[in-house]
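The chain contents come next:
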Amino acid sequence: CEISSDINNILKMCYMYTIFISTIKCTKRGLEMTREVIKLNIPYEKFDCKKDDISANLTVFHDMEYEQDQFEECEKRPAVIVCPGGAYFFLCEREAEPIAREFAMNGVRPFLLEYSVLPNKFPAALMEVAQAIRYVREHSEELGVDKDRILVSGSSAGGHLAASIGTLWNEPFL
């Protein structure tokens, strides 16, 4: 389930992003991780789809154990962008960081997308997942990920969002 390399063409948009770094150590289940939060800035005004001032965030999880012990410097890891469910009303916490942590424990670099929910409407969340993919591709070297092995995973509404980017990636509005 890899995103086609053709998606790179559509993701070369004029989106801007702002990085807010907040490092937090997590030792739950024995995996030490730090987090870096990226605030995605997207031109919602083109579609009148954003009804609140809450920005989409992409959380990058850095798992210290895998980075130090199990991967050679030249080896790039696959990446996954996790989109939690919540019926587009909220983001379910149990489908967010716990899922990202499981991917990390299996050698996949996880990213957690906090996408727009109601009162926002289509295509706000889809634009955010497209920007998240773009960010991971553009920063693949520094993140240690293979830009051609990016998976978008989700539960419920997040699964719908993952399937939507897989089928609508080449639409002009993205």
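Reference entry: report on the structure contained in this document. Keep in mind that this is a model prediction, so the values were computed, not measured.

### Things to note about helix 6 (residues 157-168)
- For helix 6, built from twelve residues, the straight-helix expectation of 16 Å at 1.5 Å per residue is met to within 8% by its first-to-last C-alpha distance of 16 Å.
- Turning to helix 6, its buried residues number three or more, namely Ala-157, Gly-158, Leu-161, Ala-162, Ser-164 and Ile-165. Taken down its axis, helix 6 places every buried residue within 160 degrees of arc, on the same side.

### Overview of the nonpolar core
- Judged by nonpolar contacts, the single largest core of 34 residues is most densely connected at Leu-58, Ile-81 and Leu-113.
- Looking at this core, the elements that each hand over two or more residues are strand 2 (33-41), strand 3 (56-63), strand 4 (77-83), strand 5 (109-114), helix 4 (124-138), strand 6 (145-154) and helix 6.
- The element that contributes the greatest number of residues to this core is helix 4, accounting for ten residues.
- In this structure Ile-81 touches Leu-58, Phe-111, Leu-113, Ala-132, Ile-133, Val-136, Ile-150, Leu-151, Val-152 and Ser-153, once residues within four positions along its chain are discounted.

### Side note on unusual backbone geometry
- Of note, the amide linkage connecting Leu-118 to Pro-119 takes the cis form, showing an omega dihedral of 20 degrees.
- By the element assignment, Pro-119 lies in the loop between strand 5 and helix 4.
- Positioned with a positive phi, Tyr-88 is a non-glycine residue whose angle comes to about 60 degrees.
- Unlike most non-glycine residues, Ser-156 shows phi in positive territory, near 55 degrees.

Reading guide: rules and limits
- Numbers given to residues run from 1 along each chain, matching the order in which its sequence is written.
- Only residues with pLDDT of at least 70 are given local features in this predicted model, and only at 80 or more are side-chain atom pairs given and counted; all residues enter the totals for whole chains, interfaces and linings.
- By convention in this description, side-chain values take in all heavy atoms of the structure and omit both hydrogens and water.
- We count a stretch as a helix when DSSP gives it H or I for four or more residues in a row; a strand needs E for two or more, and each element gets its number in order from the N terminus.
- By definition here, a helix of n residues has an expected span of 1.5 Å times n minus one.
- Under the scheme applied here, a residue whose accessible area is under 20% of the maximum for its type counts as buried, over 50% as exposed, and between as partly exposed, the area being computed with a 1.4 Å probe on protein chains only.
- Picture the helix axis, draw a direction to every C-beta atom, and the arc is the one those directions span.
- Nonpolar cores are built from buried Ala, Val, Leu, Ile, Met, Phe, Trp, Tyr and Cys residues. Side-chain atoms within 4.5 Å join them into one set.
- We call two residues in contact when some of their heavy atoms are within 4.5 Å.

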